[in-house]
Amino acid sequence: LTGVLDDCLCDIESIDDFNTFKIFPKIQKLQERDYFRYYKVNLKRPCPFWADDGHCSIKDCHVEPCPESKIPVGIKAGSSNKYSKVANNSKELEDCEQANKLGAVNSTLSNQSKEAFIDWARYDDSQDHFCELDDERSPDAQYVDLLLNPERYTGYKGPSAWRVWNSIYEENCFKPRSVYRPLNPLAPSRGGLGSVCLFSWTGLCLEKRVFYKLISGLHASINLHLCANYLLEETWGKPRWGPNVKEFTRRFDPIETKGEGPRRLKNLYFLYLIELRALSKVAPYFERSVVDLYTGNGHEDAESKALLLDIFRDTKSFHMHFDEKSMFAGDKKGAKSLKEEFRLHFKNISRIMDCVGCDKCRLWGKLQTQGLGTALKILFSEKEIQSLPENSPSKGFQLTRQEIVALINAFGR
């Protein structure tokens, strides 16, 4: 691939150089640190859209949860957005004060009113989320060591896998007219397999083009990881994993894909730019002394934060960022309703990830979707991030530890 990306003033060669020499070595190191390697996920949530068609029984689909004894004490103890030492130490005091306050208020409230207040708070909190978040307190939510459960080809394919992507593209994505779906090569194509249609964005505004490219980029990213880490052979019970060029060609070669493959790869670069932009925008949130990346190991925590801030400095030095200010910039009413449509579509896609039949694919699908959702949340919260208080937790904009871990690991992917 060469040349300039659509909807950006950025060329592929510049991204490659910047990533290879500046970002990739550092982000790899960061992903190996305790704060970022343990991700809490519920892999047992039922699919909300269709009857579950059974879990993948292939052994490589299995995810090995992390034993409690291996989880760093600071991660295990903290609630979802308590990632700083101060917050963890003052938690009991806060809970006590909160109980007293509620006690004082409760005497004048009916149970119905109390429930309404809780619902309002939950609703307000969900307004800036682009993803359906797992309930971390659920008994089904478990910590997973991402380094011990790498994303790779598991053998999960066929109607179940196609159904997930079809649902994402057909029902939850704004798409250019020429992209023929369903994706399932076994199903009849609307345009006929022999016909090649010109790619047309007619009638699709910038925001909807961006949405489609992000989903296509995410799809390309996942497919690339499967091709790069493929089960090549299994002799005497010893698997050999490595790049599968034939599989890569099948999914991305211009001739094999009727010209669609290079566009998919360009969308991957576009996704990279969007997440890079989010990292540069969220830097002030982490530069505050109140944010510690707390695991309970003071030395490691300080090193993790220093490395993260170093990556932020690099992201700011990149001169060809995507300009998200051009999005949702029309009349206020139209822009607001488009942004909400955008958010709800993406939230639905995050729920579809609970329909993936292979646990390992579900884990990485959920993580990367949440990472992208967190990036979008950041890009649409610029004012709130700029007005953060230096020495106290913010009310206007917050990231949970789960969102932080997902953001960094999705960008790492």
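About the criteria used
Residues numbered from 1 in each chain as written. Predicted model: local features only at pLDDT ≥ 70, side-chain atom pairs only at ≥ 80, totals over all residues. Heavy atoms only, no water. UniProt positions renumbered as here; feature names shortened; annotations may be inferred. Phe/Tyr/Trp six-rings, centres within 6.5 Å; stacked < 30°, edge-to-face > 60°. Helix = DSSP H or I, 4+ residues; strand = E, 2+ residues; numbered from the N terminus. Buried < 20%, exposed > 50% of the residue type's maximum accessible area, 1.4 Å probe, protein only. Lys NZ or Arg CZ within 6 Å of the ring centre and 35° of its normal. Axes fitted to C-alpha atoms, helices over the stretch in contact; angles between N-to-C directions. Parallel < 35°, antiparallel > 145°, perpendicular 65-115°, else oblique. Contact = heavy atoms within 4.5 Å. Nonpolar A, V, L, I, M, F, W, Y, C, P; charged D, E, K, R; others polar.

As annotated in an unreviewed UniProt entry, the chain is ERO1B protein from Chordeiles acutipennis. In UniProt, the chain has this text filed under Cofactor (unreviewed entry): "FAD". In its Sequence similarities (unreviewed entry) section, UniProt records this for the chain: "Belongs to the EROs family."

1. Notes on the packing of aromatic side chains
What the rule picks out here adds up to twelve aromatic pairs. Seen from their ring centres, Trp-165 and Tyr-169 are 6.1 Å apart, and the 35° between their planes marks the pair as tilted. With Trp-165 and Tyr-169 both in helix H7 (residues 159-172), this residue pair falls four residues apart, about one helical turn. Per residue, the accessibility class of Trp-165 equals that of Tyr-169, and both read buried. Ring pairs connect the aromatic residues Tyr-285, Phe-286, Phe-312 and Phe-397, which therefore count as one cluster. The residue whose ring lies beneath Lys-377 is Phe-397, and the NZ or CZ to ring-centre distance is 5.7 Å.

2. Concerning the UniProt feature "active site" (unreviewed entry) in the chain
Mapped onto this numbering, the UniProt entry annotates "active site" (unreviewed entry) at Cys-358 and Cys-361. Relative to the assigned elements, Cys-358 resides in the loop between helix H12 (332-352) and helix H13 (359-379). The buried category is assigned to Cys-358, whose relative accessible area is 0%. Within the secondary structure, Cys-361 sits in helix H13.

3. Some remarks on the packing of helix H9 (residues 245-252) against helix H10 (residues 260-287)
Running from N to C, H9 and H10 cross one another at 95°; their axes reach a closest spacing of 7 Å. The angle between the axes of H9 and H10 places the two elements in the roughly perpendicular class. Residue-level inspection shows Phe-248, Arg-251 and Phe-252 of H9 in contact with H10, the latter providing Gly-261, Pro-262, Arg-264 and Leu-265. Of the residues that constitute the contact of H9 with H10, the class distribution is four nonpolar, one polar and two charged.

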